[in-house]
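These are the residues of each chain, in order.
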Amino acid sequence: MNLIEKDLKYIWHPCSQMKDYEELKPIVIDRGKGVYLYDKDGKSYLDIVSSWWCNLLGHCNPKINEGMKQQLDQLEHVIFANFTHEPAIKLCEELAGILPEGLCKFNFSDNGSAAVECALKMAFQYQYQTGHPKKTRFMCLSEGYHGETIGALSVGSMDLYAKIYQPMLMDTIRIEAPDCYRCPFGKCRDDCDGECICHAEKAFEEFADETCAMIVEPLLQGSAGMRMYPPVYLKKLRRLCDRYQVLLIADEIATGFGRTGRMFAFDYAGVSPDIMCVSKGLTGGYIPMAITITTDQIYDAFYADYSEGKAFMHSHTYSGNPLGCSAGLAVQKILREDHILEQAATRAIYLNKKIEEAFLDHPNVGEIRHLGLINAIELTPDKKTKSDFPSQLRMGYQIYKEALKKGLILRPLGNVLYFNPPLIINEEEIDKAVNMCRESVREVLKV
Ligand SMILES: Cc1ncc(COP(=O)(O)O)c(C=O)c1O
């Protein structure tokens, strides 16, 4: 039995209809270097999606490897209740210096969904312990995505992932999200003043008394198809949260650490959330780790004599794992010393220019939008009506398969093709990726 046959015998792959694998077999990756992955036969794949948006500084980055190897020989793991270690302490100290103002207390977990669960429980318990026991529900945006566990799915709004589990989920308050591509207020991105906040205003008026927190993916609803909205919306949301004593949770799992062009998406808005979740790029995409970060004000509401029962009794076995922290420390050092965000800003302009040259005039491209190095190409059968290709056509999937043949890992979200590369991508790699993407679209759409 070869490796692929064995894989199909044993492994249930994530987010996949396994029957699809009859036709498109799993690709056995042997090694990685920079933006490339290589299969067993030596064929290269340009990882334009950063392996599910987590690889920040290239595969097998020598500096991260070195940091982790040193840590491996010293300490692999230790219980994090009542014990601590230097890599965790140093990492928190470093992050405190780059986070939006006020975020200074760090609670570790091991994946994005877990960080969201932690944030929800923290917000709930905070409200309870500060005299608001009726504030028990959560607000979230339509089209939002926050992970796959039950709490995270409850505050998500994507039927594709959540619909079947509806009877298991919490009763959350959904607010219509900004939809800048099809703006119902007839605004374009440049003259928007966040008019659609009116939906949130209405929901806060009606439900704030029973709401402990509102969770958002700031500026970028990634899984919904790289939907982007302006910072003014976050500013207005911050004001609403303050007025109604609702905590604001920022899910920066996909947007954190330079993905959007700034260190955090919230930096564009010039306001701080009460709780922030980070993961993915935190370790450069090396090893699962996440942190839920909050303010002194929230932390203090849990700080009391043990007998008062106010402690946050939340834990994960791998909280604060030293290997994860060593990767995180290496990532911070590289971001700082190699001026990665400055370089990525130049590349972001180049990538967007190349994508516009290749796709702007295409009859099936409804919109090209970008934020930092993230670029999304919205496909439509009709630019005027902005309608979607019927989902049965699996247009994105057809293009994905074509791109794979050419050596590009493009994982479209429905009708949206997107680029979300490691921040270290160079111009030559950008040219190659855009060409392969353009050719793949031509093969499938015949234009
Ligand atoms: C915004 C956002 N939140 C949460 C998650 C969940 O993270 P994980 O897959 O590590 O559980 C993701 C994953 O893509 C995400 O994009």
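What counts, and at which threshold
Every chain is numbered independently, its residues counted from 1 as its sequence is written. Reporting of local features is limited, given that this is a predicted model, to residues whose pLDDT is at least 70; pairs of side-chain atoms are given and counted only at 80 or more, and all residues count toward the totals for whole chains, interfaces and linings. Each side-chain value is derived from all of the structure's non-hydrogen atoms; neither hydrogens nor water enter the calculation. Strands pair, by our definition, only if DSSP identifies at least two bridges between them. The helix and strand labels rest on DSSP assignments: H or I over at least four residues marks a helix, E over at least two residues marks a strand, and numbering proceeds from the N terminus. For helices, the fitted line uses only the C-alpha atoms of the stretch in contact; every axis is such a line through C-alpha atoms, and the angle between N-to-C directions lies from 0 to 180 degrees. By the convention used here, residues are in contact when the closest approach between their heavy atoms is within 4.5 Å. Here a salt bridge means any side-chain nitrogen of Lys or Arg lying within 4 Å of a carboxyl oxygen belonging to Asp or Glu. Relative accessibility under 20% of the residue-type maximum defines a buried residue, over 50% an exposed one, and the middle range a partly exposed one, all with a 1.4 Å probe and only protein chains included. In this text, buried Ala, Val, Leu, Ile, Met, Phe, Trp, Tyr and Cys residues form a nonpolar core when linked through side-chain atoms within 4.5 Å. Each domain's limits were defined by an automated method or a database of domain assignments. Here the quantity called buried area is the total loss of accessible area, with a 1.4 Å probe, experienced by two parts when brought into contact, counted for both. Think of a polar contact as two N or O atoms within 3.5 Å of one another; within protein, one of them needs to be a possible hydrogen donor and the other a possible acceptor, and neighboring residues in sequence only count if both atoms come from side chains. In a helix, the anticipated span is given by 1.5 Å times the number of residues less one. Throughout, the term near means that a residue has one or more heavy atoms lying within 4 Å of the molecule or strand in question. Computed by Shrake-Rupley with a 1.4 Å probe, the accessible areas treat only the displayed protein chains as cover when residues are assessed. Residue type decides the class: Asp, Glu, Lys and Arg count as charged, Ala, Val, Leu, Ile, Met, Phe, Trp, Tyr, Cys and Pro as nonpolar, and the leftover types, Gly among them, as polar.

Further remarks concern the sheet that holds strand β14 (residues 374-379). Pairing is antiparallel in the open sheet, where 3 strands are placed in the order β13-β14-β15. Lying at the two open borders of the sheet, with one neighbouring strand each, are β13 (365-371) and β15 (416-419). For this sheet, the mean inter-axis angle between neighbouring strands, taken without regard to orientation, is 15°. Here 6 bridges tie β13 to β14, and the two strands are oriented antiparallel to one another. Considered in β14, the bridge of Arg-369 is made with Ala-376. On top of the sheet, helix α13 (residues 340-359) reaches β13, β14 and β15; it is set at about 175° to β13, its chief contact.

Enumeration over the complete set of coordinates arrives at 25 salt bridges. Measuring nitrogen to oxygen at the nearest pair gives 4.0 Å for the salt bridge that ties Lys-105 to Asp-296. With a gap of 191 residues between them, Lys-105 in strand β4 (residues 105-109) and Asp-296 in helix α11 (residues 296-300) connect regions that are remote in the sequence. Asp-296 sits in the partly exposed class, given a relative accessible area of 38%. One salt bridge connects Glu-402 with Lys-406, and the closest N-O pair in it is separated by 3.9 Å. Highlighted residues: Glu-402 and Lys-406, both in helix α14 (residues 395-406), separated by 4 residues, approximately one helical turn. We classify Glu-402 as buried; its relative accessible area is 14%. The network of salt bridges with common partners includes Arg-189, Glu-367, Arg-369 and Glu-378.

Before going further, it helps to examine the sheet that holds strand β2 (residues 36-39). With antiparallel pairing, 3 strands are arranged side by side in an open sheet as β1-β2-β3. Where the open sheet ends on each side, the last strands, each with one partner, are β1 (29-33) and β3 (44-46). Strand-to-strand twist across the sheet, computed as the mean angle between neighbouring axes with direction ignored, equals 25°. Note: β1 against β2, 4 bridges, orientation antiparallel. Within the sheet, the bridge partner assigned to Lys-33 lies in β2 and is Tyr-36.

By size, the foremost hydrophobic cluster in this structure holds 109 residues, and its most contacted members are Phe-204, Met-214 and Leu-237. Two domains each put at least three residues into this core: domain 1 (3-61 + 339-445) and domain 2 (65-337). Ignoring sequence-local partners within four residues, the contact set of Met-214 consists of Met-139, Cys-140, Leu-141, Ile-175, Phe-204, Leu-237, Cys-241, Val-246, Leu-247, Leu-248 and Ile-249. Membership of the second largest hydrophobic core comes to 25 residues, among which are Ala-115, Ala-119, Phe-138 and Cys-212.

It is worth spelling out the domain arrangement of the protein at this point. It is common to give the size of an interface as the accessible area lost on bringing the parts into contact. Entries for the protein in the domain assignment read domain 1 (3-61 + 339-445) and domain 2 (65-337). Inter-centroid distance (C-alpha atoms) of domain 1 to domain 2 is 26 Å. In this complex, domain 1 contributes 36 residues to the contact, which on the side of domain 2 involves 32 residues. Both sides together, the interface formed by domain 1 and domain 2 hides about 2900 Å², and carbon and sulfur atoms give 60% of it. In this structure, the connection of domain 1 to domain 2 is made through 2 salt bridges. Across the pair Glu-367 and Arg-189 runs a salt bridge whose closest N-O atoms are separated by 3.1 Å. Summed over the shared surface of domain 1 and domain 2, the number is 21 residue pairs in polar contact (both at pLDDT 80 or more). Breaking the side of domain 1 that touches domain 2 down by element, the ones donating at least two residues are α3 (50-53), α13, β13, β14 and β15. For the side of domain 1 that touches domain 2, the element with the most residues is β13, which contributes 5 residues.

Right, let's get into α14. The first and last C-alpha atoms of α14 sit 17 Å apart over 12 residues, in line with the 16 Å expected at 1.5 Å per residue. Of all 12 residues in α14, 9 are buried; the element is thus mostly enclosed. Taken together, the buried positions of α14 are Met-395, Gly-396, Tyr-397, Ile-399, Tyr-400, Lys-401, Glu-402, Ala-403 and Leu-404. In the core, the buried residues of α14 are packed alongside α2 (20-23), β3, β14, β15 and α15 (427-445).

The next thing to look at is the environment of Arg-31. Along the chain, Arg-31 falls in strand β1. Between the alpha carbons of Arg-31 and Ala-200 there is a distance of 47 Å; along the sequence they are 169 residues apart. What Arg-31 contacts, discounting residues up to four positions off in sequence, is Leu-37 and Tyr-38.

Position of Ala-88 among the secondary structure elements: in helix α5 (residues 86-98). Setting aside residues up to four positions removed in sequence, Ala-88 forms contacts with Phe-80, Phe-108 and Cys-325.

The environment of the ligand is made up of Trp-53, Asn-111, Gly-112, Ser-113, Tyr-145, His-146, Gly-147, Glu-217, Asp-251, Ile-253, Ala-254 and Lys-280. Measuring from an oxygen atom of the ligand, one finds a backbone N or O atom of Gly-112 at 2.8 Å. One of the side-chain N or O atoms of Asp-251 is found 2.6 Å from a nitrogen atom in the ligand. Burial of the ligand by the protein chains amounts to 82% of its free accessible area of 390 Å². Taken together, the residues of the shell around the ligand break down into 4 nonpolar, 5 polar and 3 charged.

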